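# Chains, contacts and geometry: an overview
Chain residues, written in single-letter form:
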Amino acid sequence: MNSRYLLIPFALQMLAMAFDEFYFHWRRKLPRWERLGHPLDTLTVLICWLFLLLVRPSPTAVGIYAGLAIFSCLFVTKDEWVHKQVCEASENWLHAVLFILHPLMLLSAALLWGELHVDTSNYSLFNLIRYEGFESSFFVGNTCLTMLFGVYQLVYWNLLWKPHPKTQSITTSTTN
């Protein structure tokens, strides 16, 4: 299999996240628990990416990464108990799509791992993947984008965004 196919979950996740953020979140505005929780969700992914970049693959490292990835998959679902009350059905559907893509993206990242370290190049599962040389640059760029997105989430929603004061509607009644 060509390693380019491993980019599909990353691209789909990015598109779905962008739509969720810039359509749904900006339209409904985020309560405090989401303004804090979403950067933490991004942090769990960033920790996975940094682990892959900083640690060479080994049997022990694979186990640690699997634990980090499982934790991230479970952590991002933490808000769904209340999302059903504050989100419309189409946003909840998009969240379901994101929950499908999340582990696929983490698995794709694991399959790119061997190419991130020169001395462990071609460390892949059963050597079924044909690497082309772009993987390390892609992964570093993706890690930087993930970090920037997390900083955006933290800064925009917690420092820059201000809730609009609710305007009270004035009703007048007339009696005959």
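Residues numbered from 1 in each chain as written. Predicted model: local features only at pLDDT ≥ 70, side-chain atom pairs only at ≥ 80, totals over all residues. Heavy atoms only, no water.

### Section: the confidence of the model for the protein
Heads up, the rule is: Across the chain, each position has a pLDDT score giving the predictor's confidence in that residue, from 0 to 100. Helix and strand assignments follow DSSP, with helices taken as H or I runs no shorter than four residues and strands as E runs no shorter than two, numbered in order from the N terminus. The criterion used for residue contact is that any of the two residues' heavy atoms lie within 4.5 Å.
Averaged over all residues, the pLDDT of the protein equals 87, while 88% of them reach at least 70. For the protein, helix H4 (residues 80-86) is the element with the lowest average pLDDT, namely 81, and helix H3 (residues 59-75) is the one with the highest, namely 97. Note on residues 167-176: pLDDT under 50 across the span, and 0 contacts to partners over four residues away in sequence or across chains.

### As for the environment of His38
On the secondary structure map, His38 appears in helix H2 (residues 32-54). Once the C-alpha coordinates of His38 and Gln153 are considered, the two residues, 115 residues apart in sequence, prove to be 7.0 Å apart. In this structure His38 touches His25, Leu30, Asp79, His83 and Gln153, once residues within four positions along its chain are discounted.

### Re the packing of H2 against helix H6 (residues 135-160)
Keep this limit in mind: To define axes, lines are fitted to C-alpha atoms, for helices over the stretch in contact only, and angles between the resulting N-to-C directions are given on a 0 to 180 degree scale. What sets the label is the angle itself: under 35 degrees gives roughly parallel, over 145 gives roughly antiparallel, 65 to 115 gives roughly perpendicular, and the rest give oblique. It is the rotation of the near helix from the far one that decides the hand of a crossing: anticlockwise by less than a right angle makes it left-handed, clockwise makes it right-handed. Side-chain classes are defined by residue name, with Ala, Val, Leu, Ile, Met, Phe, Trp, Tyr, Cys and Pro counting as nonpolar, Asp, Glu, Lys and Arg as charged, and the others, Gly among them, as polar.
Remark: H2 packs on H6, axes separated minimally by 9 Å, with the N-to-C direction vectors making an angle of 160 degrees. When the axis of H2 is compared with that of H6, the two are roughly antiparallel. In this structure, H2 crosses over H6, and the sense of that crossing is left-handed. For the pair formed by H2 and H6, the contact residues are Arg35, Leu36, His38, Pro39, Thr42, Val45, Leu46, Trp49, Leu50, Leu52 and Leu53 on the first element and Phe139, Val140, Asn142, Thr143, Thr146, Met147, Phe149, Gly150, Gln153, Leu154, Trp157 and Asn158 on the second. In terms of residue class, the contact of H2 with H6 is made up of 14 nonpolar, 8 polar and 1 charged.

### Points about the side chain of His95
Threshold: The definition of a polar contact used here is a pair of N or O atoms within 3.5 Å, where within protein one atom must be able to donate a hydrogen and the other to accept one, and adjacent residues in sequence count solely through side-chain atom pairs.
In this structure, His95 sits in helix H5 (residues 89-112). One polar contact links His95 to Asp20, side chain to side chain, over a distance of 3.3 Å.

### Re the packing of aromatic side chains
Just so we agree on the cut-off: Side-chain rings of Phe, Tyr and Trp (the six-membered ring for Trp) are treated as a pair once their centres are within 6.5 Å; stacked means planes under 30 degrees apart, edge-to-face means over 60, and tilted covers the remaining angles. When accessible area is computed with a 1.4 Å probe and restricted to protein chains, residues below 20% of their type maximum are described as buried, those above 50% as exposed, and intermediate ones as partly exposed.
The final tally for this structure, using the stated rule, is 16 aromatic pairs. A centroid spacing of 5.7 Å and a plane angle of 40 degrees characterise the contact between Phe10 and Trp49, whose relative ring orientation is tilted. Of the two residues, Phe10 sits in helix H1 (residues 8-28) while Trp49 sits in helix H2, which places them 39 residues apart along the sequence. Looking at Trp49, the relative accessible area reads 0%, which means it is buried. Measuring from centroid to centroid gives 5.6 Å for Tyr152 and Tyr156, while their planes differ by 15 degrees, and the two rings are stacked.

### Thoughts on the pattern of salt bridges
To keep things clear, this is the line we draw: Every case where a carboxyl oxygen of Asp or Glu lies within 4 Å of a side-chain nitrogen of Lys or Arg is listed as a salt bridge.
Here the structure, examined in full by the defined rule, presents 6 salt bridges. Glu132 is the salt-bridge partner of Arg4, the closest N and O atoms lying 2.9 Å from each other. Here Arg4, found in the segment before H1, pairs with Glu132, found in the loop between H5 and H6; they are 128 residues apart in sequence, far enough to count as distant. Owing to a relative accessible area of 49%, Arg4 belongs among the partly exposed residues under this scheme. The partner of Asp79 in a salt bridge is Lys78, and the shortest N-O contact between them spans 3.2 Å. Relative accessible area serves as the criterion here: at 8%, Asp79 is assigned to the buried category. Several salt bridges converge on common partners, so that one network encompasses Arg28, Glu34 and Glu91.

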